[in-house]
Amino acid sequence: MVREPESKRLLRCVDRLGENVHFGGKVVAASRGIEVTAFPWIRMSEERNISRNAALIGALSVLATISVLLAAQDSVSPRLYYTKSEYRVAMRDGVRLFTSVYVPPNTSQKYPILLTRTPYGVGPYGPNVYAPVLGPSPAFAQEGYIFVYQDVRGRYMSGGDFKWMTPYIVDKKSSAGVDESTDAYDTIEWLLKNVPNNNGRVGMYGISYPGFYTAAELADPHPALKAASPQAPMANNYLGDDIHHNGAFWLPHIFNFINWFGQPRLGPVESYPEGLIDPGTNDGYNFFLQMGALANADVKYFHNVNKLWDQWMEHGNYDSYWQAQDVPQHLKKTSVSVMTVGGWFDAEDLQGTLRIYKGLEKQNPGTFNVLVMGPWSHGGWAAGSGKSLGDVTFGSNTSTFYRDNIELPFFNYYLKGKGQLNLPEAYVFETGSNRWKKYSQWPPKQERVESLYLEPDKKLSFSAPKNTNNRAFDEYLSDPAKPVPYTDRMFIGMVREYMDGNQRFVAQRPDVLVYQTDALNEDVEVAGPVGVDLTVSSSGTDSDFVVKLIDVQPDGYQMLIRGEPFRAKYRNSFSRPEPMKPNTPTLISYEMPDINHAFLKGHRIMVQVQSSWFPLMDRNPQKFTTERVYHSASLVSRLRMPRLVK
Ligand code: PG9
């Protein structure tokens, strides 16, 4: 194929769709005193009077500079010699999505495309300003990729209407049948035809909501999509991602998010205002205590302007609104190689990470589908060392290790055919022992579920309770006016470090039941979901029960390993809540998200049980209630621990 001269290519900037585009780029030398050459930004649609020669000279001077920079590339951040272009790419229904494309200048080779789709904006906007980092980590720009970032429908500079967690349309009869899999498909199709020097292979990745868009494409993947990495992807906002946890509503996390994200948009914008309201305080505990019931948020603050908030208030049960959004149910025909990544201490989308991996594994046997889990908060693997989280250290730079030894090799192997890839089915960091573990399946097959029983005298034991006295219970008063705090820090948002935080600050409260083992005489390694069977009663007709699994360290630090609530009225169904019968022992069974933790010899295992976790989750609209937790031979309360056996 005869290649058009670079300078001519750089100057061609009207895309196939007749939509004028801008292109341009800035080459900034970063070291060794190399001159800064600003490549003139060319907007053909508005500045036709620019002499093409001047532009040509500009382009050539840039190319000259680039070649000098390439010669010294070890000293210049390679992202800086990329060329940025911006397009409005038409989808099959005519809606145009704003798309930024960064292309390496070296046209002597072809590059794979790495696509991210996001509702959070692809700015900075304008062809002569660059994103701070290109790709999942700086190494990718050094490696050489074509980076593509796209505003999803209805967000920022894209056209169309935004839909929350766009439900996948199973039967798409007309071009109006569009969802995120069709938008990504149409985008990839356009990129392959219009972005120069691509090697015909495409990868997708994204963290959090962008992780959802990556996973959503897997429902109907484009044949050129060869590698995908949904990272902390949202999979279902009722089943544990961000908004609802077993019927309870994640209050500061969602209130603060929707205060910004839920603002109305009158048309394409490069930015949104700070938020609908300014809470005016960092004291989240009292702010949300004074706000009162969830319904007061609209009455006091949003005033019918926040349509997403209103939607979420209308759908308090697991109804068709949430069910239609569930992602794993549609992941049945993907041949894409997928690496799902998440953090054990991810306060936002830990469930989504695990459910996307498990859904792909179950429904697409034989495809490359691996899981990587580290000791990370939400997105903690993408930057920084990963050596610690809050007060807890992990003995090594876990995030750096992941980026250099797992993430970059994964994409290089599948998109460039470069290097070797020796990833296990599950590459998992075991907290407690602070070791990376490799498993041939997740959860590991070499495990036995052992019951850890709540016992009288606030004991925990791996042997079943012997007492047959059904009056064996512990009791506390749950006062919604004095809810149990989830953190000892003052913050209006969600304190992400709560996920491995010290629980001592509530252990003495009369409304927190504390059970613990004796000091362990051997390591207890747990790998997989932790089951909860709680036999409780309430003097009311509904209550929340929070179970916290804790590693008590020899210095007394009570490290939260996993905590999860359950709103009792949903014990039989998230879609059809049922009241409790007052003062009647009732079994509540559920699973807490997977862990891989070693409770080391000399440590103790602790379980705390309480009926509020504020303001992390909204207060149960209960009245002042007396709660009981039973622990007899017939009225059992226990944790089902998936113990690794040698
Ligand atoms: N976890 C992010 C989020 C979603 C919904 C509400 C608040 C945060 C995200 O997925 O982007």
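Let me begin by describing the structure that accompanies this report.

Criteria and cut-off values
- Residues numbered from 1 in each chain as written.
- Predicted model: local features only at pLDDT ≥ 70, side-chain atom pairs only at ≥ 80, totals over all residues.
- Heavy atoms only, no water.
- Helix = DSSP H or I, 4+ residues; strand = E, 2+ residues; numbered from the N terminus.
- Buried < 20%, exposed > 50% of the residue type's maximum accessible area, 1.4 Å probe, protein only.
- Contact = heavy atoms within 4.5 Å.
- Salt bridge = Lys/Arg side-chain N within 4 Å of Asp/Glu carboxyl O.
- Phe/Tyr/Trp six-rings, centres within 6.5 Å; stacked < 30°, edge-to-face > 60°.
- Lys NZ or Arg CZ within 6 Å of the ring centre and 35° of its normal.
- Near = heavy atom within 4 Å.
- Polar contact = N/O pair within 3.5 Å; in protein donor to acceptor, adjacent residues only side chain to side chain.
- Areas by Shrake-Rupley, 256 points an atom, 1.4 Å probe, with all protein chains shown as cover.
- 1 Å grid on protein atoms, 1.4 Å probe; cavity = no way out; pocket = protein on both sides within 12 Å on 5 of 7 lines; lining within 4 Å.
- Sits in = over half its atoms within 2 Å of the grid points.
- Nonpolar A, V, L, I, M, F, W, Y, C, P; charged D, E, K, R; others polar.
- Axes fitted to C-alpha atoms, helices over the stretch in contact; angles between N-to-C directions.
- Parallel < 35°, antiparallel > 145°, perpendicular 65-115°, else oblique.
- Right-handed = clockwise from strand over helix to strand, strands pointing away.
- Pairing = 2+ DSSP bridges.
- Points joined across faces, edges and corners; volume = space filled by probe spheres on them.
- Lys, Arg positive; Asp, Glu negative; His and termini not counted.

On to the overall build of the protein. Counting secondary structure elements, the protein contains 13 helices and 28 strands. Taken over 646 residues, the protein has a buried fraction of 59%. Within the protein, residue pairs in contact and separated by at least 24 positions form 76% of the contacts whose partners lie at least 6 positions apart.

For residues besides glycine, phi is generally negative; the peptide bonds are generally trans as well. A cis amide bond links Gly123 with the next residue in sequence, Pro124, at an omega value of 5°. For Pro124, the position within the fold is in the loop between strand E6 (111-118) and helix H3 (138-143). A cis geometry characterises the amide bond from Trp442 onward to Pro443, with omega recorded as -5°. Mapped onto the fold, Pro443 is located in the loop between strand E17 (435-439) and strand E18 (447-455). Of note, Asp242 is a non-glycine position whose phi angle comes to about 70°, a positive value.

Attention now goes to the pattern of salt bridges. If you walk through the whole model with that rule in mind, you get 32 salt bridges. Between Glu430 and Lys437 there is a salt bridge, with the nearest N and O atoms lying 3.2 Å from each other. Comparing Glu430 with Lys437 shows no difference in burial state: the two are buried.

With the rule as written, the count across this model stands at 68 aromatic pairs. Aromatic pair Trp164 and Tyr209: ring centres 4.8 Å apart, planes at 70°, arrangement edge-to-face. Here Trp164, found in the loop between strand E7 (146-151) and helix H4 (180-194), pairs with Tyr209, found in helix H5 (residues 209-217); they are 45 residues apart in sequence, far enough to count as distant. On the basis of an interplanar angle of 70° and a centroid distance of 5.7 Å, the ring pair of Tyr209 and Phe212 is categorised as edge-to-face. Here Tyr209 and its partner Phe212 are both found in helix H5, three residues apart, which amounts to about one turn of the helix. Considered together, Tyr209 and Phe212 belong to a single accessibility category, that of buried residues. A cation over an aromatic ring shows up here: Arg155 above the ring of Phe162, its NZ or CZ 5.8 Å from the ring centre.

Turning to the site of the ligand, a few remarks are in order. Residues in close proximity to the ligand include Tyr120, Trp164, Ser208, Tyr209, Met234, Asp242, His253, Ile254, Phe257, Glu348, Asp349 and His378, which together make up its full environment. Within the side chain of Ser208, one N or O atom sits 2.7 Å away from an oxygen atom of the ligand. When the ligand sits alone it has 300 Å² of accessible area, and the protein chains cover 97% of it. Because more than half of its atoms lie within 2 Å of the grid, the ligand is assigned to the largest pocket. Here the shell around the ligand takes three residues from helix H6 (residues 251-261), the largest share from any one element. Considering only residue class, the shell around the ligand consists of six nonpolar, three polar and three charged.

We now examine the side chain of Gln231. Mapped onto the elements, Gln231 comes out in strand E9 (residues 225-231). Residue class for Gln231 comes out buried when judged on its relative accessible area of 1%. A polar contact is formed between the side chain of Gln231 and the side chain of Trp381, at a distance of 2.8 Å. Setting aside chain neighbours within four positions, we find Gln231 in contact with Gly206, Ile207, Ser208, Gly211, Val341, Trp381, Tyr402 and Glu407.

Here we come to the packing of H6 against helix H7 (residues 284-291). Where H6 contacts H7, the two axes come as close as 11 Å, and the packing angle between them is 85°. Accordingly, the angle class assigned to the pair H6 and H7 is roughly perpendicular. Note on element contacts: H7 touches H6 through Phe287, Phe288 and Met291, opposite Leu251, Pro252, Phe255 and Asn256.

Moving on, we come to the packing of H4 against H5. Orientation of H4 relative to H5, taken along the N-to-C sense of each, is 80°, at an axis distance of 8 Å. The angle between H4 and H5 falls in the class roughly perpendicular. Judged by residue contacts, Glu180, Ser181, Ala184, Tyr185 and Ile188 of H4 engage Phe212, Tyr213, Ala216 and Glu217 from H5. Considered class by class, the residues forming the contact of H4 with H5 number six nonpolar, one polar and two charged.

Now for the pairing of E9. Within E9, six of the seven residues are buried, which leaves the element mostly enclosed by the surrounding structure. The β-α-β motif built from strand E8 (residues 198-207), the intervening H5 and the parallel element E9 has right-handed crossover chirality. With three bridges joining them, E9 and strand E12 (residues 337-343) adopt parallel strand pairing. Across the sheet, the residue bridging to Ala227 is Ser337, located in E12.

Right, let's talk about the layout of surface pockets for a bit. The computed volume of the largest pocket comes to approximately 750 Å³. Lining the largest pocket are 33 residues, with Thr116, Thr118, Tyr120, Ile207 and Pro210 sitting closest to its centre. Every element with two or more residues in the lining of the largest pocket is listed here: E6, E8, H5 and H6. In terms of residue class, the lining of the largest pocket is built from 19 nonpolar, 10 polar and four charged. Here the second largest pocket defines a volume of roughly 390 Å³.

Structurally, Asp242 can be placed in the loop between E9 and strand E10 (244-245). At 11 Å, Arg355 is the nearest oppositely charged side chain to Asp242, a buried residue that forms no salt bridge. Of the polar contacts made by the side chain of Asp242, one reaches the side chain of His253; its length is 2.8 Å. Ignoring anything within four residues of it in the chain, the contact list for Asp242 reads Met234, Asn237, Trp250, His253, Ile254, Glu348 and Asp349.

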